[in-house]
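# Observations on chain architecture
Here's the letter readout for the chains.
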Amino acid sequence: GTRLDPGFELERAGKEQADVIIAKSIGTILALQGQKKGSLAAREYILIGIPVRGMGENEKTLLRELIAAEPRVLLIQQTDDQAGTSGELRKVIASVARAQVVEVPGNDHMYSDIHRLKDIIETWYATTDE
């Protein structure tokens, strides 16, 4: 019953430099806003279940800017995620050459196959240049 207060959450996160930020759903929006404001920064971002259908143009621009910038970014999205399909996400980021979406089966926005996520992330780390 409480409403998300992005400003409060980002202030709590501090101005720390992280090795990696892993975020899911609304957390991906907070990560994008925090990166832009300078209150969250990481060398790598793993964004899971981006709520594409709930994003405004500002958030979509922030996503494209993050992918185009220096950090490494891994996007994991369900084929038919009810908050935004992998196809919808691909359309949002189509203009960014570095953009890549790893599609996982599903439509429930839960991403509960932790073993599959672990395999995707480990493969990404093993095949991405430092």
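Below, the structure is looked at part by part.

The topology assignment puts D19 in strand 1 (residues 17–24). Taking the C-alpha atoms as reference points, D19 and P71, 52 residues apart in sequence, are found 10.0 Å from one another. Beyond its immediate stretch of four places on either side in the chain, D19 contacts A42, R43 and E44.

This part takes up helix 5 (residues 114–127). Taking 1.5 Å of rise per residue, 14 residues should cover 20 Å, and helix 5 covers 20 Å from first to last C-alpha, within 8% of that figure. Every buried residue belonging to helix 5 is among L117, I120, I121 and W124, and all of these are buried. The arc enclosing the buried residues of helix 5, seen along the axis, measures out at 95°, which places them on a common side. The exposed residues of helix 5 that point more than 90 degrees off its buried face are H115, A126 and T127. Summarising the contacts, the buried residues of helix 5 are in contact with strand 2 (41–48), strand 3 (72–78) and strand 4 (101–104).

Relative to the helices and strands, D81 is located in the loop between strand 3 and helix 4 (86–93). Although D81 is buried, it makes no salt bridge; R53 carries the closest opposite charge, 6.8 Å away. A distance of 2.7 Å separates a polar side-chain atom of D81 from the backbone nitrogen of A83. Residues in contact with D81, not counting those within four places in the same chain, are G49, R53, G106, N107, H109 and Y111.

Attention now moves to the sheet that holds strand 3. Reading across the sheet, the four strands line up as 1-2-3-4 and stay open at both edges, with parallel pairing between neighbours. Sheet topology places strand 1 and strand 4 at the edges, where each strand pairs with a single neighbour. Neighbour-to-neighbour, the strand axes of the sheet open up by a mean angle of 15°, direction not taken into account. Relative to strand 4, strand 3 is paired through four bridges, and the arrangement is parallel. Residue L75 lies in a different strand from strand 4, and its bridge partner there is V101. On the sheet, helix 4 packs against strand 3 and strand 4 and is oriented at approximately 170° with respect to strand 4. Of the strands in this sheet, strand 1, strand 2, strand 3 and strand 4 touch helix 5, which is tilted by about 150° from strand 3.

On to the packing of aromatic side chains. Across all of its chains, the model carries one aromatic pair by this definition. Sitting above the plane of the W124 ring, R72 keeps its charged end 4.6 Å from the centroid.

Reading guide: rules and limits
- Residues numbered from 1 in each chain as written.
- Predicted model: local features only at pLDDT ≥ 70, side-chain atom pairs only at ≥ 80, totals over all residues.
- Heavy atoms only, no water.
- Helix = DSSP H or I, 4+ residues; strand = E, 2+ residues; numbered from the N terminus.
- Contact = heavy atoms within 4.5 Å.
- Expected span 1.5 Å × (residues − 1).
- Buried < 20%, exposed > 50% of the residue type's maximum accessible area, 1.4 Å probe, protein only.
- Arc of directions from axis to C-beta.
- Lys, Arg positive; Asp, Glu negative; His and termini not counted.
- Salt bridge = Lys/Arg side-chain N within 4 Å of Asp/Glu carboxyl O.
- Polar contact = N/O pair within 3.5 Å; in protein donor to acceptor, adjacent residues only side chain to side chain.
- Pairing = 2+ DSSP bridges.
- Axes fitted to C-alpha atoms, helices over the stretch in contact; angles between N-to-C directions.
- Phe/Tyr/Trp six-rings, centres within 6.5 Å; stacked < 30°, edge-to-face > 60°.
- Lys NZ or Arg CZ within 6 Å of the ring centre and 35° of its normal.

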